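# Understanding the architecture of this molecule
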Amino acid sequence: MFNKIINFKFLKFLSSLKLAVINILLLGVISAVGTFVESYYDLYLAQHLVYQSVWMKIVLVLFSINLLSVMVDRWPWKRRHMPFVTAHLGIIMIIIGSFLTGEFGMDGSMRLEPEEQSSSIVLNPRILSVYSSFGEGSFSELYKDQPKFILNRPSAQSPYTISLGTEFMEIVDYYPYAREKIIFQRKPKSGWLFHFKLSGTRAQELSQMYKMKRDAFVKQQFGLAHIVISDGSYKSSERNELILIPAKAMYQLVQQGKVRQAGSIYKGKKIQTGWMDLTFELIDFYQAEKVYQFTPLKRPDDNSTSALKVRFQGKESWMKLNSFLSFYSKDASYTLSYMNQRKSIGSTLKLIKFQIDRYQGSQKAKEYSSVVQVDGHKTVTISMNEPLKHNGWTFYQSGFDEVQTASILSVNYDPGRFIKYFGSFLLVAGIFALFYRKRL
Amino acid sequence: MNFLKIILAFFVYSSVAQDIPVGEGSAKEKTVQDLQISKSKTGELNSILGSIPVQAGGRIKPFDTFARESVKHIYGKRKSSYIHWVITWLLIPEEWMNKSFIWIEKAQVKKALGLSEKESHFSPLEILSNKNFQREMGELNIRREQREKLNSYFLEIEKLESRLALYQAIVEGRFPGWMPNHVEGSTDWLTAGQLSGAQRTALADVFSAYSRAVDGGDTQNLKQAVNHLKTFTKVSDQKINIEVHYNSLKPFRISWIFYLISLISLLFVRFRNYFFIPLGAGFLIHTYGIALRSYIMERPPVSNMFETLLWVPWAALVISLVMVWIRKTRFPLVTAGVVCFLCLFVSDTASSILNDQLEPLEAVLRSNFWLSTHVLIITMSYSAFFLAFIMGDFLAFRFLMGQKQSKNHFWFLQRVLQVGVFLLTLGTLLGAIWADYSWGRFWGWDPKEVWALVSLLGYLALLHAKLQGWIREFGLAIGSILSFFLIIMAWYGVNFVLGKGLHSYGFGTGGFSYVLAFVLIHFVFLYLVWRKKKFPPFEG
């Protein structure tokens, strides 16, 4: 009996207008706070801190219960209840649809340069994983997690620990926003850094190249020729090449596929390359270690990235989002990766052409579109307001990278779409009927 | 490097100017002061030259529009002799070197450049030879390279740079485009510097006829030269002339004056019953202005803050007309009159903050269907809530004055709130569907959509609180004042305060202190109302 009264009262509260008003206000306040977080920081933080927070979920669940019980409370419905029922059912359906989208849908992006092809998309979650390599190209995944460093910042006192059987790695710091700077520190028994100048009658270029210790060689193209830094094992396969072998302080000049010239290298050494009229001048070369430095920023900007500080066997190093870092212990080598989640979509898109239509006589974009080839045969155009539907996925033209002429597509799969649309229709129709019939 | 170029430009005559025969009494021998021409002549010359089509800002527009926009951009204000200014920039730039006409708004910038803080305009020489300016430009470029978010100081430096750049481009004959290009696949028009042969002569003829006309010569020659020039451009006169007509008519200024007259007439018992005459006149001109703007741009006028300030009051008046048709009282018309006056007055006077240019649409907005459903509907909900806000003000004011309240007034308030909630829901959901259709995102927590939701929730809380009996009619009036601040945030705040998100095409800066003052004054007003507490009885 007593129980019943309590339950009844509780049910009354759940279906009360009081709770409705409280819920509406809470939802409004939380959402509003989110926009300020986004404006000061970015959407990523706003999503984690506000829009997808526990508080938001609690309010939304309460809101849905409130809406459901208010409708149950009116049961059996009469004709006059119909506008009320329709409008509130509409809201419930939109919430359910959004839940389905959030839980089972995918929302990623695909960046394609001309002639590039891809069959995977990049998603928002950031994945931390560790691979172990066993010699030539064989890897096995030892660890995988989706840590939310933005909410729980690791520190030296409370690190995030990755257990790798007998050994372990620790994440000891995290900068949500940081600026990256690469510096080279002189250090014996490490990689080789070269500063050199290429000059000719037309142009003059100061450059630097770096070969990491574990690489046999690095190769970079300058005009029609290559410059190679090698440990001595490199065999030329190009027509024109300058091969620098710092360990032996030697160089080889390859012209028309044959070694034409060889000699020693030293600071200030000039070599007539014979390609056009270019002269190679060695300014300096020494052994150095490549170090990534990160300065923390208060707020993000277009150039900032997130960075992790990793500790392994007493040694600490930094890495940024979407990069790899390799570690070597006595008997194993590990690769730590911190990347946005990738997902294969089961079909391949190749960008044939990306075009920007501009307003006459100006740089202002009027329209942009991508001509893509789907799975090697069908060729279609994706433009703004004209998405492509294929295999359950929808591909939208979402933006472009003007500097590198790449097209950015947003790719998604949304199982909640129909329910959301139907809910929207019910909500609008319900409100219309409610207001048409009566004033407050 | 760029800097040197700018300076150099001032010592090199524009290529066209060199072609002009320097005869006796030609423009070249005059100083700028001598070139101040009489008002009557200005009007005549403006109308002759104004109708020449040029290409600038991504579309073909009359030279009239181009000159107005350029002068407003560089000088910061409108100027009746705008055409004369632009043409003499081109013909006798050396005369302008020492003339103070380049606008710098912020005192902070003037201080940093070591310029007089009392002045608002400076000469090209003063700025370009300024070592501090060169240093600040260097600083700006470093920030740009690092893609840092610019603060208001560097935004102002950037504006100054764009003023100088536009002036320089005009002086060097690189802007605007004067004649169509005959190269296949290119839609770029040829600028003064690129013209050759008969085309070049035609333009030079116009300029020399112009300088003779300024000297008191015949305008007949000028008309002939202009007509000859137009035979090369092959643009239909009709649209160009309509735009010139729109520019010179200033329909929205005329209509806010009419709206104001109508509101003033309400204060006098003798004229009170005739208030609808100036209101109707204002509405007709307002409608005409919107129609002209839509015709010229071939789209509904809702692409930025300025255009919504034209559309929102118009829709408010239409909504109130429908209401008056149901219940015949002048109350909704009066409130709509206030909305119309306020919006159009702001749109006309805040021209340094708002962008009143006729600009082509951003790529994302290029869908007339969605633009005229989602955007029109969502801004119409602002109209309804604006009406509710003014009605709330009005009712609270009557309360403060101890006057009796009419039930009719509350009927209108409720109805207008309902209309607003319906339109805002429909508009927001249509926006979600558009976003889903175009970018695959039904709801992406974009600030503009979040604030539309927050406003909607605010009004829903209000209506439900009324239903629950927590508030009564009077609470609804106060609530519609408070909730309108959410609409102000969604309408103005997201674009001008938060400044982030997908709706970035509508962004601007400035005006924050005015809007804040407007809101704070209302809080003081509400405090006074709250102190009085006791609710007066209804009439009848």
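Residues numbered from 1 in each chain as written. Chains lettered and ligands numbered in written order. Predicted model: local features only at pLDDT ≥ 70, side-chain atom pairs only at ≥ 80, totals over all residues. Heavy atoms only, no water.

With that out of the way, let us pick up the overall build of chain A. Across its full length, chain A holds six helices and 22 strands. The globule rule puts the C-alpha radius of gyration for 440 residues at 22 Å, and the 30 Å found for chain A is more than 25% above it. Residues classed as buried in chain A amount to 45% of the 440 residues present. Residue pairs at least 24 apart in sequence account for 49% of intrachain contacts in chain A once pairs closer than 6 positions are excluded. (Helix = DSSP H or I, 4+ residues; strand = E, 2+ residues; numbered from the N terminus. Rg over C-alpha atoms; globule rule 2.2 N^0.38 Å. Buried < 20%, exposed > 50% of the residue type's maximum accessible area, 1.4 Å probe, protein only. Contact = heavy atoms within 4.5 Å.)

All names here are of chain B. Two numbers describe how helix α4 (residues 63-75) lies on helix α5 (residues 82-91): the axes approach to 8 Å, and their chain directions differ by 80°. The angle between the axes of α4 and α5 places the two elements in the roughly perpendicular class. Side by side, α4 and α5 meet where Phe63, Asp64, Phe66, Ala67, Arg68, Ser70, Val71, Ile74 and Tyr75 of the first sit next to Tyr82, Ile83, Trp85, Val86, Ile87 and Trp89 of the second. In the contact of α4 with α5, the residues fall into twelve nonpolar, one polar and two charged. (Axes fitted to C-alpha atoms, helices over the stretch in contact; angles between N-to-C directions. Parallel < 35°, antiparallel > 145°, perpendicular 65-115°, else oblique. Nonpolar A, V, L, I, M, F, W, Y, C, P; charged D, E, K, R; others polar.)

With that settled, consider the environment of A:Ala87. Note on placement: A:Ala87 falls in helix α5 (residues 82-104). Once residues within four sequence positions are removed from consideration, A:Ala87 is found in contact with A:Leu426, A:Leu427, A:Gly430, A:Ile431 and A:Leu434.

A few words on helix α23 (residues 512-532) of chain B. All names here are of chain B. The end-to-end C-alpha separation of α23 is 31 Å, in line with the 30 Å expected for 21 residues at 1.5 Å each. For α23, the complete set of buried residues consists of Val519, His522, Phe525, Leu526 and Val529. Projected down its long axis, α23 shows its buried positions confined to an angular sector of 115°, all on one face. In α23, those exposed residues whose orientation departs by more than 90 degrees from the buried face are Ser513, Ile521, Val524 and Arg531. (Expected span 1.5 Å × (residues − 1). Arc of directions from axis to C-beta.)

Attention now goes to the confidence of the model for chain B. All names here are of chain B. Of all residues in chain B, 89% have pLDDT values of 70 or greater, and the mean over the chain is 84. Across chain B, element-level confidence peaks in helix α14 (residues 251-265) with a mean pLDDT of 95 and bottoms out in helix α1 (residues 2-11) with 37. Scored below 50 in pLDDT, residues 1-34 makes 63 contacts in the model with residues more than four places away or belonging to other chains. For this predicted complex, the interface score ipTM comes out at 0.83, while the overall pTM is 0.85. (pLDDT = per-residue confidence, 0-100.)

Turning our attention to the interface of chain B and chain A. Counting residues at the interface gives 60 residues for chain B and 59 residues for chain A. Across the chain B/chain A interface, buried area totals approximately 5,400 Å², and carbon plus sulfur atoms make up 61% of it. Between B:Arg441 and A:Asp107 there is a salt bridge, and its shortest N-O distance comes to 3.0 Å. Where the side of chain B that touches chain A is concerned, the elements lending two or more residues are β2 (59-62), α20 (407-439), α21 (447-468) and α22 (473-498) of chain B. In terms of residues, the side of chain B that touches chain A owes the most to one element, α20(B), which gives 15 residues. Residue classes in the side of chain B that touches chain A are distributed as 32 nonpolar, 14 polar and 14 charged. (Buried area = accessible area lost by both parts, 1.4 Å probe. Salt bridge = Lys/Arg side-chain N within 4 Å of Asp/Glu carboxyl O.)

This next bit is on the packing of aromatic side chains. Going through the model one piece at a time under the given rule, you end up with 64 aromatic pairs over all chains. Aromatic pair A:Tyr175 and A:Trp318: ring centres 4.5 Å apart, planes at 25°, arrangement stacked. Residue A:Tyr175 is located in strand β5 (residues 167-199), and its partner A:Trp318 is located in strand β15 (residues 315-320); the two are separated by 143 residues in the primary sequence. Relative accessible area serves as the criterion here: at 14%, A:Tyr175 is assigned to the buried category. Classification of A:Trp318 by relative accessible area gives buried; the value is 15%. Consider the rings of A:Phe217 and A:Tyr234, whose centres lie 4.6 Å apart with planes at 50°: the pair is tilted. Remark: A:Tyr234 occurs in the loop between β8 (225-230) and β9 (241-245) and A:Phe217 occurs in strand β7 (residues 217-222); sequence separation between them is 17 residues. Residue class for A:Tyr234 comes out buried when judged on its relative accessible area of 9%. The cationic tip of A:Arg186 hangs over the ring face of A:Tyr286; the distance from NZ or CZ to the ring centre is 3.7 Å. Here the basic side chain of B:Arg327 rests over the ring of B:Trp411, its NZ or CZ set 4.1 Å away from the ring centre. (Phe/Tyr/Trp six-rings, centres within 6.5 Å; stacked < 30°, edge-to-face > 60°. Lys NZ or Arg CZ within 6 Å of the ring centre and 35° of its normal.)

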